[in-house]
Number of protein chains: 2
Amino acid sequence: MSKDQKEDCIFCQIVNGKIPVDLVYESDDLIAFPDINPKAPVHIVIIPKRHIDPNEDISGTDYPMTGDVLKAAKNIASKKGVAESGFRLLANVGADAGQEIDHLHFHLLGGRRLGDLG
Amino acid sequence: MSKDQKEDCIFCQIVNGKIPVDLVYESDDLIAFPDINPKAPVHIVIIPKRHIDPNEDISGTDYPMTGDVLKAAKNIASKKGVAESGFRLLANVGADAGQEIDHLHFHLLGGRRLGDLG
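> Account for the overall build of chain A, naming residues and giving values.
A count of helical and extended segments in chain A gives 2 helices and 5 strands. Beginning at the N terminus, the succession of helices and strands in chain A can be written as α-β-β-β-α-β-β. Residues classed as buried in chain A amount to 50% of the 118 residues present. Contacts in chain A between residues at least 24 apart in sequence constitute 53% of all its contacts with a sequence separation of at least 6. Of the roughly 5600 Å² that chain A leaves accessible, carbon and sulfur atoms contribute 47%.

Put into structure tokens, the structure is as follows:
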């Protein structure tokens, strides 16, 4: 377990390979894999390899670059055939939004006309 | 009109002050204002001051920092009283997601239990 990770975090265990996933993207800072409970034909989770808790007051420079996240999202959208039709990229922070895991993560949704924003 | 902006873009006109809004946040790179058609009790739009089209193939370093966007989101959530209850932050890219304006923007939604991801 690297110092950048948290032992009891399921996403850190995915980063470490302890929990196997079908990796759809990997960069120096990010990995992506299918959501276990998909809400759309394409539903991919993008996470930083480092354990970053969006509820903690951490330095902005500790976050991944928005551009890197969007680059990952576009790469995944191309692989999954939704680059032209479009996709939604979102992060939930806190209970009202339904955040369940305290490791920053972005949902990429596509493959159908998406509904309301929440 | 600055070289960083696009003349016929409604969000650039907001950045320039040509279209008045109730600014709820401003930093060097970002501004935020209420969505004109709110989908939740708190619905704020966060945009970079520069015209960035997420559909164009631009360098990752041209994007705002994820950390800066999240910092803005947390600041706004505090001002609007949803920091504890939580919020959703999302970007729509392309038609299926309902993207209507080609200037990168993030929706911040909160103030009620949020529903499905789209």
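> With reference to specific residues and values, describe the sheet that holds strand β1 (residues 25-26) of chain A.
If you walk across this open sheet you meet the 10 strands as β1(A)-β2(A)-β3(A)-β5(A)-β4(A)-β4(B)-β5(B)-β3(B)-β2(B)-β1(B), and the pairing is antiparallel. Pairing within the sheet leaves two strands with one partner each, and these edge strands are β1 of chain A together with β1 (25-26) of chain B.

> Could you give an account of the side chain of H107 of chain B, with specific residues and numbers?
Mapping H107 of chain B onto the fold places it in strand β5 (residues 106-110). Separated by 2.9 Å, the side chains of H107 of chain B and H43 of chain B make a polar contact.

> I'd like a description of the pattern of salt bridges, backed by residues and values.
Residues and elements named next belong to chain B. By the definition in use, this model includes 6 salt bridges over all chains. In this structure, the salt-bridge partner of D4 is R50, at a minimum N-O distance of 3.8 Å. A residue pair is termed long-range when its members are at least 10 positions apart, and D4 in the segment before α1 (10-15) and R50 in the loop between β3 (42-48) and α2 (66-79) qualify at 46 residues. We classify D4 as partly exposed; its relative accessible area is 26%. With relative accessibility at 36%, the residue R50 sits in the partly exposed group.

> Describe the packing of aromatic side chains, and please don't skip the residues or the numbers.
Residues and elements named next belong to chain A. Taken as a whole and assessed by the stated rule, the structure comprises 2 aromatic pairs over all chains. A centroid spacing of 5.7 Å and a plane angle of 70° characterise the contact between F11 and F33, whose relative ring orientation is edge-to-face. With F11 in helix α1 (residues 10-15) and F33 in strand β2 (residues 30-34), this pair connects stretches of sequence that are 22 residues apart. Both residues of the pair, F11 and F33, count as buried.

> Please give an account of the relation of the copies chain A and chain B that cites residues and values.
The transform that puts chain A on chain B rotates by 180° and translates by 0.0 Å along the axis, for an RMSD of 0.0 Å. Those values place the two copies in the arrangement expected of a two-fold rotation axis. Comparing interface residues between copies, 100% of those in chain A also sit at the interface in chain B, which points to an isologous, same-surface contact.

> Just give me the short version of the interface of chain A and chain B, but keep the residues and values in it.
Between chain A and chain B, the residue contacts involve 41 residues of the former and 41 residues of the latter. Of the roughly 3500 Å² buried at the junction of chain A and chain B (both faces included), carbon and sulfur atoms supply 54%. In this structure, the connection of chain A to chain B is made through 0 salt bridges. For the interface between chain A and chain B, the tally reads 16 residue pairs in polar contact (both at pLDDT 80 or more). Listed by contribution, the elements that provide at least two residues to the side of chain A that touches chain B are α2 (66-79), β4 (87-93) and β5 (106-110) of chain A. Considering every element that reaches the side of chain A that touches chain B, the biggest residue donor is β4 of chain A, with 7 residues. Its residues assigned to classes, the side of chain A that touches chain B comprises 18 nonpolar, 15 polar and 8 charged. By the bridge criterion, 7 bridges tie β4 of chain A to strand β4 (residues 87-93) of chain B in an arrangement that is antiparallel. Looking at β4 of chain B, one finds that A91 of chain A is bridged to L89 of chain B.

> Please provide a residue-by-residue account of the pairing of β5 of chain A, values included.
Residues and elements named next belong to chain A. Among the 5 residues of β5, 5 are classified as buried, and the element is accordingly described as predominantly covered. Here strand β3 (residues 42-48) pairs with β5 via 5 bridges, running antiparallel. Residue pairing in the sheet places V45 in a bridge with H107 of β5. Two elements, β4 and β5, share 4 bridges in a ladder whose sense is antiparallel. In the strand pairing of β5, L89 is matched with L108.

Quick notes on the rules
Residues numbered from 1 in each chain as written. Chains lettered and ligands numbered in written order. Predicted model: local features only at pLDDT ≥ 70, side-chain atom pairs only at ≥ 80, totals over all residues. Heavy atoms only, no water. Helix = DSSP H or I, 4+ residues; strand = E, 2+ residues; numbered from the N terminus. Buried < 20%, exposed > 50% of the residue type's maximum accessible area, 1.4 Å probe, protein only. Contact = heavy atoms within 4.5 Å. Areas by Shrake-Rupley, 256 points an atom, 1.4 Å probe, with all protein chains shown as cover. Pairing = 2+ DSSP bridges. Polar contact = N/O pair within 3.5 Å; in protein donor to acceptor, adjacent residues only side chain to side chain. Salt bridge = Lys/Arg side-chain N within 4 Å of Asp/Glu carboxyl O. Phe/Tyr/Trp six-rings, centres within 6.5 Å; stacked < 30°, edge-to-face > 60°. Least-squares fit on C-alpha atoms with pLDDT ≥ 70 in both. Buried area = accessible area lost by both parts, 1.4 Å probe. Nonpolar A, V, L, I, M, F, W, Y, C, P; charged D, E, K, R; others polar.

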